[in-house]
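Structural overview for review
The primary structure of each chain is shown beneath.
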Amino acid sequence: MSNPYSELPATAFWKTAVADREMLEISDLWTPKFPIHKNNQVATFGSCFAQHFGRRLRERHFKWMDGEPAPEAFGDEDKRKFGYQLFSARTGNIYTTSLLKQWVSWAVGERMPPEEVWEKDGRFYDPFRPTIEPGGFATAGEVVRSRDVTIDALRSLIENTDLFVFTLGLTESWFNARQNYEYPLCPGTAAGDFDPKIHRFEAQSFETVNKNLQDAMAMIHAANDQARFLLTVSPVPLTATNTGKHVLVATSASKAILRAVAETAATDYQFVDYFPSYEIINSPPFKGAFFKPNLRSVSDDGVDFVMGSFFKAIGAEDMADEPIKDEPPVKLNKARAAVLARKEELDALICEEELLAAFGPDGHGDE
Amino acid sequence: MGMSKFNICLIGTSHTACFRTGWRNVLADYPDVSISFYPYPGADYFHEFRADPEAGILRMENENVRKHYEKISGHGGEIDLARFDLCLIVGEIIWWNGYDRRRFSEQVGHAALFAFIRETRSYKLFHEIRKASALEVFISHIPFTSSRRPSLRRNVGSYLAEVDLVNEGLLKSQNARLLQQPEPTIHTSGLCTKLEYAVGRRVKNPDDTTSGRPSVLDDLWHMNERFGEVQLREILEAKDIPPRAES
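Here we summarise the structure given alongside this text. (Residues numbered from 1 in each chain as written. Chains lettered and ligands numbered in written order. Predicted model: local features only at pLDDT ≥ 70, side-chain atom pairs only at ≥ 80, totals over all residues. Heavy atoms only, no water.)

1. With respect to the overall build of chain A
In plain terms, the rule: Segments assigned H or I by DSSP are reported as helices when at least four residues long, segments assigned E as strands when at least two residues long, and all are numbered from the N terminus. Between two residues, a contact is recorded if the distance between any of their heavy atoms is within 4.5 Å. Only the protein chains shown count as covering a residue, and every accessible area follows the Shrake-Rupley method with a 1.4 Å probe.
Looking only at helices and strands, one finds 10 helices and 10 strands in chain A. Long-range pairs, those at least 24 residues apart, make up 69% of the contacts in chain A between residues at least 6 apart in sequence. Total accessible area on chain A is roughly 18,500 Å²; 53% of this is exposed by carbon and sulfur atoms.

Following this line, the structure appears as structure tokens:
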């Protein structure tokens, strides 16, 4: 006699999908709800783990959106140091859904960014991106100008993205109690001074996290009704908790809330999908093998496996990783190319003549 | 020249020419200075120098360039760095365009300047030299193009500050220096070289024969002997080498 389980695929059963397989052969963890193409404009934001997403998309030559490009001369090290290309704009980590809502509300003009700037030893820090500028900004005005550049970039990204990838990272957060805005890091840690009269801690509930995500997505959709969302949950445990609980227990609670919020959004909306990077790293069948020795940071092998699963699921697994190359040069029409080639020849001629005039015919040798 | 007290090795592009012609004007004032020239058009060849750390030699690996050295200045392709007191790298860096202060912080702008310098062929050649020698190295950028109409977009003050920044933040600790273009040669109202310092002499453009004969082109890109003279005197002054009349 048949029952609802009798026709289900192998992936529906633990034995065939997990227990009978080698760890690295566990596959088909995700079936995309909507197609993701190489020519889709993809913006990536969120907690640390989102950085891997952006980087791997660039390596595979997807149209990863760089809304706030670094100075041309910057190499990878400078970009990393100053927070360029970590995310699609220079927001720094957006750990919580409430922070996402806050950034989006500034970008779409629903709220004005606060004027708060932190100062220490003559240097100035952005409370909303306290580590974005190592050693701080030169002036308070520069902090605000730089943040405005990022907000403008975020607005443009929101208006033009096809796919907004967001990695949910934390539920614990710090607020300005008087004006009710959120800091990404507790004041007094990376920069600023902690004041218990001003700074308020909150371990956000499922309801709060869920509402903030939905509000943020609604604002983005109002600005761009074609935008789709891909949510992930960061597999990286908390560095520290202020809840009074053991950090392992607090991590579990936090990730459970984030996972449930992501599931709710993906279930409720056709334009939202969830990609299981959290499960790939954290599930017991993977035995914690993808963590580095501190049991917190994800190893390169782990990132490879996660992103390999992603690319395979969207049908892009055959596009081998390649070093990032510069954009191909603009194709010139033949006439223009000929003119430029001739100009180069002329420049070479001028340079050669210049040297010959200086060093010959009597100018042989040194003096 | 007999035993010299101060020997300069000059490696450069076509912009070396003004140093060569300028040197003729000043060498009588500096009998204890000699310059060995290693010029070649363009800077694409800079990366073909290889240091031999054990021998203290900088070796040019490109046969064409070696032949050119031989033909134009009588040198082969091996530079014994121990023979010199100073190495001067000339004419590859087209000066930085600055940064957009609306988009980037001052700190990011400065980091971009350092990154720009590090990516130049001159800087990479300097590092190749460093593998074989602790010899002091001066780097001279291509002079600003001469123009009748100076650009008002950037001023001399910001340019000089940028040169200072590179020296303090990047080169000084490595016994190297980026030379600023001599101030008297720069238009005070913009970053271009005064017309009187440009070669200005015309070269034939074989493409344009509308009059039956090739037309001629102005050269406002290379500088003349007066420019070379001014810059050489500044370099020697920086090394505390006085001209003979003052010594």
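Having put the structure on the table, let's press on.
2. Quick notes on the pairing of strand β9 (residues 228-233) of chain A
For a regular strand, side chains alternate in direction, first toward one face of the sheet and then toward the other. Residue and element names in this part refer to chain A. As a reminder of what qualifies: Under the scheme applied here, a residue whose accessible area is under 20% of the maximum for its type counts as buried, over 50% as exposed, and between as partly exposed, the area being computed with a 1.4 Å probe on protein chains only. Pairing between strands requires that DSSP locate at least two bridges from one strand to the other. Here is how to tell: hold the view so the strands point away, follow the path from the first strand over the helix to the second, and if it runs clockwise the crossover is right-handed.
Most of β9 is tucked away: 5 of the 6 residues are buried. Sheet topology places strand β5 (residues 163-168) next to β9; 6 bridges connect them, and they run parallel. Pairing of Leu 168 across the sheet is with Val 233, part of β9. The pairing of β9 with strand β10 (residues 272-274) spans 3 bridges and is parallel. Opposite Phe 229, over in β10, you have Val 272 as the bridge partner. For the crossover from β9 across helix α7 (residues 247-268) to β10, the handedness is right-handed.

3. Let's talk about the environment of Asp218(B)
Residues and elements named next belong to chain B. With respect to the helices and strands, the residue Asp 218 is situated in the loop between β10 (215-217) and α6 (225-238). Accessibility expressed as a relative area gives 40% for Asp 218, which makes it partly exposed. In sequence terms Asp 218 and Gly 200 are 18 residues apart; their C-alpha atoms lie 5.5 Å from each other.

4. Quick look at a nonpolar patch on the surface
To keep things clear, this is the line we draw: Patches were defined on residues exceeding 30% relative accessible area and lacking a salt bridge, with like-charge contacts within 9 Å and nonpolar side-chain contacts (Val, Leu, Ile, Met, Phe, Trp, Tyr) within 5 Å. Only one rule defines a salt bridge in this text: a Lys or Arg side-chain nitrogen within 4 Å of an Asp or Glu carboxyl oxygen.
A contiguous nonpolar patch, built from Tyr5(A), Leu8(A) and Phe13(A) and spanning about 300 Å² of accessible area, is present on the exposed surface. Owing to a relative accessible area of 32%, Phe13(A) belongs among the partly exposed residues under this scheme.

5. Structural notes on the pattern of salt bridges
Note that side chains of opposite charge can pair when their charged atoms are close. Residue and element names in this part refer to chain A. The tally for this structure, following the rule as stated, stands at 27 salt bridges over all chains. Across the pair Asp 152 and Arg 155 runs a salt bridge, and its minimum N-O distance is 2.6 Å. Here Asp 152 and its partner Arg 155 are both found in helix α5 (residues 140-160), 3 residues apart, which amounts to about one turn of the helix. Using a relative accessible area of 41% as the deciding quantity, one classes Asp 152 as partly exposed.

6. With respect to the sheet that holds β9(A)
Residues and elements named next belong to chain A. Defined as follows: Helix axes use the C-alpha atoms of the stretch in contact, all axes being lines fitted to C-alpha atoms, and the angles between their N-to-C directions lie in the range 0 to 180 degrees.
A sheet is described by the order of its strands in space; here 5 strands give the open sequence β2-β1-β5-β9-β10, paired in parallel fashion. Looking at strand neighbours, the two that pair on one side only are β2 (63-64) and β10, the edges of this open sheet. Sheet topology note: the strand β1 (residues 41-46)/β5 ladder contains 5 bridges and is parallel. If you follow Gly 46 over to β5, its bridge partner there is Thr 167. On the sheet, helix α2 (residues 50-59) packs against β1, β2, β5 and β9 and is oriented at approximately 155° with respect to β1.

7. Looking at unusual backbone geometry
All names here are of chain A. For Gln 85, which is not glycine, the phi torsion reads 65° and is therefore positive. Summarising the element assignment, Gln 85 is placed in the loop between α3 (76-81) and α4 (97-107). Its relative accessible area of 19% is what places Gln 85 among the buried residues. Phi angles above zero are rare outside glycine, and Asp 121 is one such case at about 50°. Within the secondary structure, Asp 121 sits in the loop between β3 (118-120) and β4 (123-125). What makes Asp 121 exposed here is its relative accessible area of 72%.

8. Some remarks on empty space enclosed by the protein
Where empty space is left in the structure can be found by rolling a water-sized probe over the atoms. Worth spelling out the cut-off: Lining residues are those with an atom within 4 Å of a point, where the points come from a 1 Å grid over the protein atoms alone and group into cavities, where a 1.4 Å probe fits but cannot get out, or pockets, open sets with protein on both sides within 12 Å along at least five of seven lines. Grid points are joined across faces, edges and corners, and a volume is the space filled by probe spheres set on the points. The classification used treats Ala, Val, Leu, Ile, Met, Phe, Trp, Tyr, Cys and Pro as nonpolar, Asp, Glu, Lys and Arg as charged, and all other residues, Gly among them, as polar.
One pass over the structure, following the stated rule, counts 2 cavities of 30 Å³ or more. Considered as a void within the structure, the largest cavity measures approximately 50 Å³ in volume. Together, Glu142(A), Arg145(A), Ser146(A), Val149(A), Arg101(B), Arg102(B), Arg103(B), Phe104(B) and Ser105(B) line the largest cavity. When grouped by side-chain class, the residues that make up the lining of the largest cavity number 2 nonpolar, 2 polar and 5 charged. In this structure, the second largest cavity occupies an estimated 40 Å³ of space. For the lining of the second largest cavity, the class distribution of residues is 3 nonpolar, 3 polar and 2 charged.

9. Let's talk about the sheet that holds strand β7 (residues 181-183) of chain A
Residues and elements named next belong to chain A. With antiparallel pairing, 3 strands are arranged side by side in an open sheet as β7-β6-β8. The sheet is open, and its two edges are formed by β7 and β8 (199-203), each paired on a single side. If you compare each strand with its neighbour and ignore which way they point, the axes differ by 40° on average. Note: strand β6 (residues 172-176) against β7, 3 bridges, orientation antiparallel. Looking at β7, one finds that Trp 174 is bridged to Tyr 183.

10. Description of the packing of helix α6 (residues 206-223) of chain A against α7(A)
Residues and elements named next belong to chain A. Formally: For classification purposes, an angle smaller than 35 degrees is called roughly parallel, one larger than 145 roughly antiparallel, one from 65 to 115 roughly perpendicular, and anything else oblique. Crossings are assigned a handedness: left-handed for a near helix turned anticlockwise from the far helix by less than a right angle, right-handed for a clockwise turn.
Relative orientation of the contacting elements α6 and α7 amounts to 45°, with a least axis distance of 9 Å. Considering their axes alone, α6 and α7 lie oblique with respect to each other. Where α6 crosses over α7, the handedness of that crossing is right-handed. Contacts from Phe 206, Val 209, Asn 210, Leu 213, Gln 214 and Met 217 in α6 reach Ile 257, Leu 258, Ala 260, Val 261, Thr 264, Ala 265 and Asp 268 in α7.

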